[in-house]
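Each chain is listed here by its residues.
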Amino acid sequence: MTTLRAFTCDDLFRFNNINLDPLTETYGIPFYLQYLAHWPEYFIVAEAPGGELMGYSAAALMLFMFTVMGKAEGSVAREEWHGHVTALSVAPEFRRLGLAAKLMELLEEISEKKGGFFVDLFVRVSNQVAVNMYKQLGYSVYRTVLEYYSASSGEPDEDAYDMRKALSRDTEKKSVIPLPHPVRPEDIE
């Protein structure tokens, strides 16, 4: 049975098989530590049964299948208090088993308990597998953010979808009414 547990500092040195996926955004160790210090309840990992090794990377042997990392942010007065999915990644060998859906469900439950109006996330427009999965989980495209993701190798920057799912506190579903025009990263609060 898969074990879901809180992310620990030691995990920073054990999740390369997940982070090396080309569609996964990676960050420096201080970034992860900031999330772990400020929003530990939003930082969850899953381990394989009995702690057996589930993947291999040139850097290290891995125990993880996937991680989710998020935070709470926004303004309550403007009905913008929400949960934000910063990273959700499943190791390639464990995809299509419902693991990402379970982690999203946990993050949504935490956001409900914290009184959030919605949960949001950013996803590459080109990542149609992820976009379709989020749609199946009840998320919709709120807006397109132009050139949100930096490209490498001289290619143009990539647009992102800001996808949202209203929570029970947003009884009128105002938080998911799509914007009629794209925005730029500097326009995001």
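Structure: above.
We now turn to the structure provided with this report. Since we're looking at a predicted model, the values are computed, not measured.

The next thing to look at is helix 3 (residues 99-113). Compared with an ideal rise of 1.5 Å per residue, which puts 15 residues at 21 Å, helix 3 spans 22 Å between its outermost C-alpha atoms and is within 8% of the ideal. Buried residues of helix 3: Leu99, Ala100, Leu103, Met104, Leu106, Leu107, Glu108, Ile110 and Ser111, and no others. Gly115, located one to two residues past helix 3, shows a positive phi value of around 80°.

Bringing a nonpolar patch on the surface into the picture now. Residues Phe13, Ile29 and Leu33 make up a contiguous nonpolar surface patch of roughly 280 Å² in combined accessible area. You can call Leu33 partly exposed: its relative accessible area is 34%.

Turning to unusual backbone geometry, a few remarks are in order. For residues other than glycine, phi is negative in most cases, and the peptide bonds are mostly trans. One non-glycine residue with positive phi stands out, namely Glu147, at about 50°. Along the polypeptide, Glu147 turns up in strand 8 (residues 140-149). The class for Glu147 is partly exposed, based on a relative accessible area of 39%. Positive phi values are uncommon outside glycine, yet Lys173 reaches one of about 55°. When you line up the elements, Lys173 lands in the segment after strand 9 (158-166).

Throughout the structure, instances matching the rule amount to 3 aromatic pairs. Measuring from ring centre to ring centre gives 6.0 Å for Tyr134 and Tyr139, while their planes differ by 65°; the resulting arrangement is edge-to-face. As far as burial versus exposure is concerned, Tyr134 and Tyr139 are alike and both buried. With a centroid separation of 4.9 Å and an interplanar angle of 85°, the aromatic rings of Tyr148 and Tyr149 are classed as edge-to-face.

What counts and how
Residues numbered from 1 in each chain as written. Predicted model: local features only at pLDDT ≥ 70, side-chain atom pairs only at ≥ 80, totals over all residues. Heavy atoms only, no water. Helix = DSSP H or I, 4+ residues; strand = E, 2+ residues; numbered from the N terminus. Expected span 1.5 Å × (residues − 1). Buried < 20%, exposed > 50% of the residue type's maximum accessible area, 1.4 Å probe, protein only. Patch = residues over 30% accessible without salt bridge, like charges linked within 9 Å, V, L, I, M, F, W, Y side chains within 5 Å. Areas by Shrake-Rupley, 256 points an atom, 1.4 Å probe, with all protein chains shown as cover. Salt bridge = Lys/Arg side-chain N within 4 Å of Asp/Glu carboxyl O. Phe/Tyr/Trp six-rings, centres within 6.5 Å; stacked < 30°, edge-to-face > 60°.

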